[in-house]
Amino acid sequence: MKVLLIGSGGREHAIALAVKKSPLCTELICAPGNPGMATLGKCFPVNIANPKEIAELAKKENADFTIIGPEGPLVDGVVDEFKKHGLLVFGPTGAAAQLEGSKAFSKEFMKRYNIPTAAYETFSDLQKAKDYLKEHAAPIVVKASGLAAGKGAVVCMSDAEALNAVEEMLGEKAIFGESGKTVVIEEFMEGEEASIFAVCDGKDYVLLAAAQDHKRIFDEDKGPNTGGMGAYAPAPLVTEEMFACIKKEVVEPTLQGMAKEGNPYTGILFVGIMATKNGPKVVEYNCRLGDPETQVVLEIYDGDLLELFYKAANGKLKEIAETESKGYAAVVVMASEGYPGKIKDSVPVSGVSEAEKKGAVVLHAGTKIQNGELQTAGGRVFGVVGKGNDLKTALDIAYSGVKEIKFTGAQYRRDIGKKGLS
Ligand code: AMP
Ligand code: GLY
C-alpha cells in the first residue's frame, strides 16, 4: 500500500523507518517531512494547520492509508475530514482527540469514569482562580486547558508562582491565547513518570513498551520543561503488576467511556502516568505517540507497525496478537542553543554519518538542507538512538553517536536513562 505520513519531527522520522520496514508498504510519502524522512520517501509541502489541505494531498497522491503524527491536525479534525472523503486514516476524530485537546474535558471524563488522576478545579475567571489559590497552598499545578506545545503545565512550588501562572494565562497577557482562557488547577502529585502507549481500534487495544521521558532541559531534572530531552524503553518502573493496573483502571475504562459517549477512540492513546505511592495516576492523555518516546518504543517493537496501525484503523485489532518488544533502546536529544527558549538556528551540522558508523540511529527533528548543507532548524535537532540487549549498551551506543555530531551551541543531557540503570 501507498502510505502518507504527516509530520516533520523525530517521532515521524521514527515512524517512517518502521513503516518502510513493513512488507505491506509499497511506497512511503511524507508531508511536510524533514531531511531524514526525505531519505525514506518523497516529501510534499503541506500546511499541517489545514485539515482540508492534508486530505486533498492524500487524495491527489492516491494514498491508500494516512498516518497522522502530531496532535494539532487531530484536534483540528483532520480524521473527520478524511472520513468525509472516504479516505483511510489512522488517528482519533476531533471529538475523541479532545482527550488531549481539552484538559477541562479530560479531567471531567476521568471523574465520570473513576479513572485515577489528581484532584482539580477548572476556572475561566481570574478572580475565582486567585481565591481558590488562597485556600490551596503550593505545591500545586496550573495548566492551560488547550494545546500549548507541551508548555502549558506549570508545576508551582510556591504560592507566588501559582498566582503568577494563573495571571499569565487568565489575565491580560493571556500567554497561551485561547488555549489558556480556561485553566485547570490541580493537586501536585509526587512520583516517577512513565509514558504508556495503547494502539486502539475503537474497542480493542494493543500496548507498546512503556517508556520514560526526560522533560527538563538540564541533568538531574533541573531547569524548565521541554518537549523531551531523551527517553528509554522498556521502563523498569512499569512492572507487570503496574501494567495490569493501568490496563484495568485506565486504558479499558477510557475506551469504554469514549465508546459509550459516542466517540469510540481509534488511534494512539498515550497515557502519561505518575507512579504515586497510592498507585498509578493519570497526569494527562495525548492523542498521538510521544516525542521522543516513539524513537525508542518503535526501535524495540518486534512486530509490523504498519500492519498494526492499518488493522487498528479498520477496527480489526482482534486479529493482531500483542507483540513483545525486544531488547532496550535509548534516545538522547541534541537541542539548539537557547532551547527551550529562543533558539539560534541555521547552524551548520556535521558528523551524522560518523554517528551512524558507531551503530547509532540518527533521527532528524529540527534540520534543513540549505545550499546543500545540513543545518539546524528548530529546538530539538536530532534524536540519537542506541539499541542493545540491555539498557547500558543502548545508552553507550546512543552517547557514542552524540559525541560524533557537532554543531555550535549543541546541548544534550548526560544523564538519560540513569533512573533505569539504578
Ligand atoms: P502535562 O502537560 O499535563 O503532561 O504536564 C507536563 C509535566 O508537568 C508532566 O509530565 C509532569 O512532570 C508535570 N505535572 C503535570 N501535572 C502534574 C501534577 N498534578 N503533579 C505533579 N507534576 C505534574
Ligand atoms: N514527550 C512527551 C510528549 O510527547 O508529549
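Residues numbered from 1 in each chain as written. Chains lettered and ligands numbered in written order. Predicted model: local features only at pLDDT ≥ 70, side-chain atom pairs only at ≥ 80, totals over all residues. Heavy atoms only, no water.

### As for the site of ligand 1
Let me state the cut-off plainly: Proximity is defined per residue: if any heavy atom of the residue lies within 4 Å of a molecule or strand, that residue is considered near it. N or O atoms within 3.5 Å of each other form a polar contact, as long as, within protein, one can give a hydrogen and the other can take it, and as long as residues adjacent in sequence are counted only when both atoms are side-chain atoms. The numbering of helices and of strands both runs from the N terminus, where a helix is a DSSP run of H or I of at least 4 residues and a strand a run of E of at least 2. Amino acids outside the nonpolar list (Ala, Val, Leu, Ile, Met, Phe, Trp, Tyr, Cys, Pro) and the charged list (Asp, Glu, Lys, Arg) are all regarded as polar, and Gly is one of them.
Ligand 1 sits among 15 residues. The nearest are Glu186, Met189, Glu193, Lys215 and Glu284. For ligand 1, an oxygen atom lies 2.9 Å from a polar atom in the side chain of lysine 143. In the environment of ligand 1, a nitrogen atom lies 2.8 Å from a nitrogen or oxygen atom belonging to the side chain of glutamate 186. Of all the secondary structure elements, the ones that give two or more residues to the shell around ligand 1 are strand S7 (140-144), strand S8 (153-156), strand S9 (183-187) and strand S17 (279-286). Tallied by class, residues from the shell around ligand 1 come to 8 nonpolar, no polar and 7 charged.

### As for helix H11 (residues 305-313)
Heads up, the condition is: Burial classification: accessible surface area is computed with a 1.4 Å probe over protein chains only, and a residue below 20% of its type maximum counts as buried, one above 50% as exposed, and the rest as partly exposed.
Burial analysis of H11 places 7 of its 9 residues in the buried class, which makes it a mostly covered element. Structurally, the start of H11 carries an N-cap: the backbone nitrogen of leucine 306 is 3.1 Å from a side-chain oxygen of aspartate 304. Positive backbone phi, approximately 70 degrees, marks glycine 315, located one or two places after H11.

### Considerations on the site of ligand 2
Rules: Per-residue accessibility takes into account occlusion by the displayed protein chains alone, with areas from the Shrake-Rupley method and a 1.4 Å probe.
Near ligand 2 you find Asp213, Lys215, Gly227, Phe270, Asn286, Arg288, Gly290, Asp291, Pro292 and Glu293, and these make up its full shell. At 2.8 Å from a nitrogen atom of ligand 2 is found a main-chain nitrogen or oxygen belonging to aspartate 291. In this structure, a nitrogen atom belonging to ligand 2 sits 2.8 Å away from a side-chain N or O atom of glutamate 293. Within the complex, the protein chains bury 90% of what would otherwise be the 200 Å² of accessible surface of ligand 2. Here the residues of the shell around ligand 2 are counted per class, giving 2 nonpolar, 3 polar and 5 charged.

### Regarding the layout of surface pockets
For clarity, the cut-off: The rule is simple: put a 1 Å grid over the protein atoms alone, call a set of points where a 1.4 Å probe fits but cannot get out a cavity, call an open set with protein on both sides within 12 Å along at least five of seven lines a pocket, and count a residue as lining if it has an atom within 4 Å of a point. Grid points are joined across faces, edges and corners, and a volume is the space filled by probe spheres set on the points.
Its volume calculated, the second largest pocket comes out at about 470 Å³. Lining the second largest pocket are 18 residues, and of these Leu208, Ala209, Phe243, Glu324 and Ser325 sit closest to its centre. For the lining of the second largest pocket, the element with the most residues is helix H9 (residues 240-260), which contributes 3 residues. Residues that form the lining of the second largest pocket fall into these classes: 10 nonpolar, 4 polar and 4 charged.

### As for the environment of phenylalanine 176
Condition: Residue contacts follow a heavy-atom distance rule, with two residues in contact if any of their heavy atoms lie within 4.5 Å.
If you trace the backbone, phenylalanine 176 turns up in the loop between helix H8 (159-170) and S9. When the C-alpha atoms of phenylalanine 176 and glutamate 100 are compared, they prove to be 16 Å apart, with 76 residues separating the residues in sequence. Beyond its immediate sequence surroundings of up to four residues, phenylalanine 176 is in contact with Ala144, Ala148, Lys151, Gly152 and Met169.

### Comments concerning the nonpolar core
The nonpolar side chains of a soluble globular protein tend to be buried, and buried together. The condition is simple: Only buried residues count toward a nonpolar core. Its members are Ala, Val, Leu, Ile, Met, Phe, Trp, Tyr and Cys residues joined through side-chain atoms within 4.5 Å.
Counting residues in hydrophobic clusters, the biggest one holds 49 residues, and the most contacted among them are Ile196 and Tyr265. Broken down by element, this core gets its largest block of residues, 7 residues, from H9. The contact partners of isoleucine 196, leaving out residues within four places of it in the chain, are Leu207, Ala210, Val238, Phe243, Ile246, Leu269, Phe270, Val271 and Ile273. Within the second largest apolar cluster, 44 residues are counted, among which are Ile15, Phe65, Leu208 and Leu306.

### A look at the sheet that holds S7
Quick note on the threshold: Pairing between two strands requires that DSSP report at least two bridges joining them. Lines fitted to C-alpha atoms define the axes here, with helix axes fitted over just the stretch in contact, and angles between the N-to-C directions of these axes take values from 0 to 180 degrees.
A sheet is described by the order of its strands in space; here 4 strands give the open sequence S6-S9-S7-S8, paired in antiparallel fashion. Whereas interior strands pair on both sides, the edge strands pair on one side only; in this sheet they are strand S6 (120-123) and S8. Within this sheet the neighbouring strands show an average axis-to-axis angle of 20 degrees, counted without direction. As judged from the 4 bridges shared by S7 and S8, these two strands associate in the antiparallel manner. Within S8, the position partnered with valine 141 by the bridge is valine 155.

### Here we look at the sheet that holds strand S15 (residues 230-233)
Taken together, the 5 strands give an open sheet; going across it, the order is S12-S15-S18-S22-S19, and neighbouring strands pair in antiparallel fashion. Of all strands in the sheet, those with a lone pairing partner are strand S12 (212-213) and strand S19 (361-364), marking the two edges. As judged from the 2 bridges shared by S12 and S15, these two strands associate in the antiparallel manner. Counterpart to glutamine 212 in the pairing with S15 is tyrosine 232. Along the sheet face, helix H10 (residues 293-300) touches S12, S15, strand S18 (328-335), S19 and strand S22 (380-388) and points at about 150 degrees away from the line of S18.

### Considerations on the pattern of salt bridges
For clarity, the threshold we go by: Salt bridges are counted wherever a side-chain nitrogen of Lys or Arg sits within 4 Å of a carboxyl oxygen of Asp or Glu.
This structure, assessed with the given rule, holds 26 salt bridges. For aspartate 221, the salt bridge identified is with arginine 413, shortest N-O distance 3.1 Å. Here arginine 413 lies in the loop between helix H13 (391-404) and helix H14 (418-421) and aspartate 221 lies in the loop between strand S13 (216-218) and strand S14 (222-225), a separation of 192 residues in the sequence. Judged by its relative accessible area of 1%, arginine 413 is buried. For lysine 419, the salt bridge goes to aspartate 221, with nearest N and O atoms at 3.0 Å. Residue lysine 419 is found in helix H14, and its partner aspartate 221 is found in the loop between S13 and S14; the two are separated by 198 residues along the sequence. Assessed through its relative accessible area of 40%, lysine 419 is described here as partly exposed. Several salt bridges share partner residues, and in doing so they unite Asp221, Arg413, Asp415 and Lys419 into one network.

### Remarks on the packing of helix H7 (residues 126-135) against H8
Short version of the rule: Just so you know how the angles are binned, under 35 degrees is roughly parallel, over 145 roughly antiparallel, 65 to 115 roughly perpendicular, and the rest oblique.
The contact between H7 and H8 brings their axes to 10 Å, and the two run at 170 degrees. As far as their axial angle goes, H8 and H7 are roughly antiparallel. Within the contact between the two elements, H7 uses Leu126, Ala129, Lys130 and Leu133 and H8 uses Ala162, Leu163, Val166, Glu167 and Leu170. The residue makeup of the contact of H7 with H8, split by class, is 7 nonpolar, no polar and 2 charged.

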